[in-house]
Amino acid sequence: MGDPAGIGPEIAIKAVAFRELPSDTSVAIIGDISVLRHAARVVGFTGTVHKIDHPGQAEPGGVYVIDKGVVSPGAYQTGTVNAVCGRASYLYVLEAIRLAKSHEIDAIVTNPINKEALHVAGIDYPGHTEILAHETGTSDFSMMFLLEEVAVVHVTTHCSLRKALDLITAARVIRHIRLLHTTLVGLGVDRPRIAIGGLNPHAGESGLFGEEEQKEIVPAIELGKSEGLNVSGPYPPDTVFMRAFRGEFDGIVSMLHDHGFVALKSKNFNEGVNITIGLPIIRTSVGHGTAFDMAGTGKASERSLVSAITAACRLVSHATPRG
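Owing to the predicted nature of the structure, the values given are computational and were not obtained by experimental measurement.

## Some remarks on the nonpolar core
Logical step 1: Ile13, Ile29, Val49 and Ile108 are the most contacted members of the largest nonpolar core, which has 54 residues in total.
Logical step 2: Sorting the residues of this core by element identifies α1 (8-18), β1 (28-31), α2 (33-43), β2 (49-52), β3 (63-67), α3 (83-101), α5 (128-136) and α11 (303-318) as the ones contributing at least two each.
Logical step 3: Not counting the four nearest positions on each side in its chain, Ile108 is found in contact with Ala96, Ile97, Ala100, Leu132, Ile281, Ile282, Arg283 and Thr284.
Logical step 4: Counting residues in each nonpolar core, the second largest holds 33 residues, with Ile177, Ile196, Leu199 and Leu229 among its members.

## Overview of the side chain of Asp3
Logical step 1: Along the chain, the position of Asp3 falls in the segment before α1.
Logical step 2: Within the buried core, Asp3 has no salt-bridge partner, and the shortest N-O distance to an opposite charge, that of Lys115, equals 11 Å.
Logical step 3: Setting aside residues no more than four positions away along its own chain, Asp3 makes contact with Pro9, Cys85, Gly86, Ser89, Pro112, Ile113, Asn114, Ala117, Thr290 and Phe292.

## Details of the packing of α1 against α2
Logical step 1: Two elements in contact, α1 and α2, have axes separated by 8 Å at closest approach and are oriented at 70 degrees. Viewed along their axes, α1 and α2 adopt a mutual orientation that is roughly perpendicular. Judged by the sense of rotation from one axis to the other, the crossing of α1 with α2 is right-handed. Touching Pro9, Glu10, Ala12, Ile13, Lys14 and Phe18 of α1 are Val35, Leu36, Ala39, Ala40, Val42 and Val43, all from α2.
Logical step 2: Considered class by class, the residues forming the contact of α1 with α2 number 10 nonpolar, no polar and 2 charged.

## Notes on the sheet that holds β2
Logical step 1: The strand order β1-β3-β2 describes an open sheet built from 3 strands, whose pairing is parallel. Here the strands that pair on one side only, and so sit at the sheet edges, are β1 and β2. Each adjacent strand pair in this sheet contributes to an overall mean axis angle of 40 degrees, direction not counted.
Logical step 2: Sheet topology places β1 next to β3; 4 bridges connect them, and they run parallel. Within β3, the position partnered with Gly31 by the bridge is Asp67.
Logical step 3: Against the sheet, α2 contacts β1, β2 and β3, and its axis sits at roughly 170 degrees relative to β2.
Logical step 4: Across the sheet, α3 lies against β1 and β3, angled at about 135 degrees from β1, the strand it touches most.

## Considering the packing of α3 against α5
Logical step 1: Two elements in contact, α3 and α5, have axes separated by 11 Å at closest approach and are oriented at 40 degrees. What the angle tells us is that α3 and α5 run oblique. Along this stretch, α3 crosses α5, giving a crossing that reads as right-handed. Residues Tyr90, Val93, Leu94, Ile97 and Lys101 of α3 lie in contact with α5, whose contacting residues are His128, Ile131, Leu132, Glu135 and Thr136.

## Topic: the side chain of Asn82
Logical step 1: Its location among the elements puts Asn82 in the loop between β3 and α3.
Logical step 2: Among the polar contacts listed, one links the side chain of Asn82 to the backbone nitrogen of Val84, at a separation of 2.7 Å.
Logical step 3: The contacts of Asn82, once residues within four sequence positions are left out, are Ala75, Tyr76, Ala117 and Val120.

The rules behind each value
Residues numbered from 1 in each chain as written. Predicted model: local features only at pLDDT ≥ 70, side-chain atom pairs only at ≥ 80, totals over all residues. Heavy atoms only, no water. Core = buried A, V, L, I, M, F, W, Y, C linked by side-chain atoms within 4.5 Å. Buried < 20%, exposed > 50% of the residue type's maximum accessible area, 1.4 Å probe, protein only. Helix = DSSP H or I, 4+ residues; strand = E, 2+ residues; numbered from the N terminus. Contact = heavy atoms within 4.5 Å. Lys, Arg positive; Asp, Glu negative; His and termini not counted. Salt bridge = Lys/Arg side-chain N within 4 Å of Asp/Glu carboxyl O. Axes fitted to C-alpha atoms, helices over the stretch in contact; angles between N-to-C directions. Parallel < 35°, antiparallel > 145°, perpendicular 65-115°, else oblique. Left-handed = near helix turned anticlockwise from the far one by under 90°. Nonpolar A, V, L, I, M, F, W, Y, C, P; charged D, E, K, R; others polar. Pairing = 2+ DSSP bridges. Polar contact = N/O pair within 3.5 Å; in protein donor to acceptor, adjacent residues only side chain to side chain.

The structure is reproduced here in structure tokens:
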């Protein structure tokens, strides 16, 4: 459900009740039923919000909730940071992870949580990804953004630009190439075409604008090629996304957070999907935050959540059957 004070409850109801999802897809919303029933009234849903005890009781086309009984609408103010909501959103994620690890669900789709709310609740994680990695014992993972059949991973994300420059090594670049390739195959892409974005303007212009391409990025590309991966570059970061959206590439390895996200969010802010890659379980997420300024209005778009559910279904359909 995400942070109760954000738009998560509203878009959860809208996505499940008002948008057509892949056929035979059963969705169980993990959260608090009193919050979700309130959200249903806000968005104008007049159907039944069902309480269930197990995800197997959810049926396609209905709104079903695994009620954790953590918080009610009167315990917090919508659109504000609250420790109660931070703790609740954390507990919802833990329950989803438990169900995924025990194979009671096929995938997790997360709505936004708030880093500050987690902090004031005494929960020392910056977000979903780190919680998922810790709870699954995963050390080799990354964030991938999927938009209009173009997938992007970032070699560096939430750190200063100065620190990011030191983090761009051949080892990190090849690790992200491999993770991106594996996930694209998991999405049903045959022999994924992976482009590597440069770090410097014009991808360094043969050392004229920096040496990182020659010293770190090109060696990683050559290693990827030697492993049989369909990888090329480095390409100037200001044009590689345009080329991908024209159909030349299935995925891009971007060196910096803003190289990738400025391009993607300018292209289409509402429908991007965040996928945590490298986990032993499937997790997709909306590509936006809690949007406290819109919470309680019923106006927040559910399009990113619908895309995230659809992407999770694709990953499930191509996953190796579990014993």
